[in-house]
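Residue-level structural notes
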Amino acid sequence: DAGVIQSPRHEVTEMGQEVTLRCKPISGHDYLFWYRQTMMRGLELLIYFNNNVPIDDSGMPEDRFSAKMPNASFSTLKIQPSEPRDSAVYFCASRPQGASDQPQHFGDGTRLSIL
Amino acid sequence: AQSVSQHNHHVILSEAASLELGCNYSYGGTVNLFWYVQYPGQHLQLLLKYFSGDPLVKGIKGFEAEFIKSKFSFNLRKPSVQWSDTAEYFCAVELSGSARQLTFGSGTQLTVLP
């Protein structure tokens, strides 16, 4: 049973460049979450989707960040233009909608470094 | 908005010592509670969860946690830690209902000395 799959695992790029992070949720999971983890702020929820529809994006730090979920098996988080302060580990998580006792399942994360 | 407090930022123990990590949350409604562990360079893994029923919850790797509703607490315990338990531990709270958003504590780094 494949878990949440994120790509790339590591990304190093120069400031000003566009960065795209990808996530494939577990099949059948209706919720998808994007988190950012930094030393200063810990784990923060950026945005989450339900049935491919963005429900709450209040955690997205600014307009440079955008997220899409074109279908049930794929989501992207885009940063354009990127800045050094965006350096963090970005996690994607998913969970099923109907099951009331199921936790979120996390991907391995993307470690992003903006130079 | 709900918040989660983990009072210990860094705990250092010797092998075989007992562990208790504190977690308090602020929310008056019905909540689901979780402890996740993150080994160095890895993703978050679920240690245990509480949704309802017996407030003493047993998880993987010998960990357990007790939900005390009157104290808004969900402390994590293990009677005898091992070197391999060195990791960061996160408490998380979720509002029961359709939103199901997790709010995480700031984490506790546990270092177990061999």
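About the cut-offs
Residues numbered from 1 in each chain as written. Chains lettered and ligands numbered in written order. Predicted model: local features only at pLDDT ≥ 70, side-chain atom pairs only at ≥ 80, totals over all residues. Heavy atoms only, no water. Helix = DSSP H or I, 4+ residues; strand = E, 2+ residues; numbered from the N terminus. Rg over C-alpha atoms; globule rule 2.2 N^0.38 Å. Buried < 20%, exposed > 50% of the residue type's maximum accessible area, 1.4 Å probe, protein only. Contact = heavy atoms within 4.5 Å. Lys, Arg positive; Asp, Glu negative; His and termini not counted. Charge placed at Lys NZ, Arg CZ, Asp CG, Glu CD. Buried area = accessible area lost by both parts, 1.4 Å probe. Salt bridge = Lys/Arg side-chain N within 4 Å of Asp/Glu carboxyl O. Polar contact = N/O pair within 3.5 Å; in protein donor to acceptor, adjacent residues only side chain to side chain. Pairing = 2+ DSSP bridges. Axes fitted to C-alpha atoms, helices over the stretch in contact; angles between N-to-C directions. Disulfide = S-S within 2.5 Å.

Some words on the overall build of chain A
A count of helical and extended segments in chain A gives 0 helices and 11 strands. For chain A, the α and β elements follow one another from N to C terminus as β-β-β-β-β-β-β-β-β-β-β. Relative to the globule expectation of 13 Å for 115 residues, the C-alpha radius of gyration of chain A, 14 Å, shows essentially globular dimensions. Each of the three principal axes of chain A carries a C-alpha extent, and together these read 40 × 25 × 25 Å. For chain A, buried positions account for 47% of its 115 residues. Across chain A, contacts joining residues at least 24 apart in sequence account for 54% of those joining residues at least 6 apart. Measuring between centres, the 11 positive side-chain charges of chain A sit 2 Å from its 14 negative side-chain charges.

As for the interface of chain B and chain A
Counting from both sides, the interface comprises 18 residues of chain B and, opposite them, 22 residues of chain A. A combined buried area of about 1600 Å² lies between chain B and chain A, and 52% of that area is made up of carbon and sulfur atoms. Counting across the interface, chain B meets chain A through 1 salt bridge. B:Glu94 is the salt-bridge partner of A:Arg95, the closest N and O atoms lying 2.2 Å from each other. The interface formed by chain B and chain A holds 4 residue pairs in polar contact (both at pLDDT 80 or more) in total. Looking at the side of chain B that touches chain A, the elements that each hand over two or more residues are strand 5 (31–38), strand 6 (44–50), strand 10 (87–95) and strand 11 (102–104) of chain B.

Describing the side chain of B:His43
Its location among the elements puts B:His43 in the loop between strand 5 and strand 6. Looking at B:His43, its side chain comes within polar contact range of the side chain of A:Asp108, at 2.6 Å.

Quick notes on the side chain of A:Thr76
Its place among the elements puts A:Thr76 in strand 8 (residues 74–79). Among residues more than four places away in sequence, those in contact with A:Thr76 are A:Thr20, A:Leu21, A:Arg22, A:Trp34, A:Ser66, A:Ala67 and A:Lys68.

Considering the sheet that holds strand 1 (residues 5–7) of chain A
Sheet strands pair via backbone hydrogen bonds, and the direction of the pair is either parallel or antiparallel. Residues and elements named next belong to chain A. Read from one edge of the open sheet, 4 strands run 1-3-8-7, paired in antiparallel fashion. The open sheet has two edge strands, strand 1 and strand 7 (65–71), and neither has a second partner. Within this sheet the neighbouring strands show an average axis-to-axis angle of 15 degrees, counted without direction. Of the pairings in the sheet, the one linking strand 3 (residues 19–24) to strand 8 comprises 5 bridges and is antiparallel in character. Looking at strand 8, one finds that Thr-20 is bridged to Lys-78.

Focus: the state of the cysteines
Summed over all chains, the structure comprises 2 disulfides over all chains. Covalently, A:Cys23 is tied to A:Cys92 through a disulfide, its sulfur atoms 1.9 Å apart. The S-S bond linking A:Cys23 to A:Cys92 shows a torsion near -70 degrees; that makes this disulfide left-handed. Of the two residues, A:Cys23 is situated in strand 3 and A:Cys92 in strand 9 (residues 88–95); the sequence distance between them amounts to 69 residues. When its relative accessible area of 2% is taken as the criterion, A:Cys23 is described as buried. The disulfide bridge from B:Cys23 ends at B:Cys91, spanning 1.9 Å between sulfur atoms.

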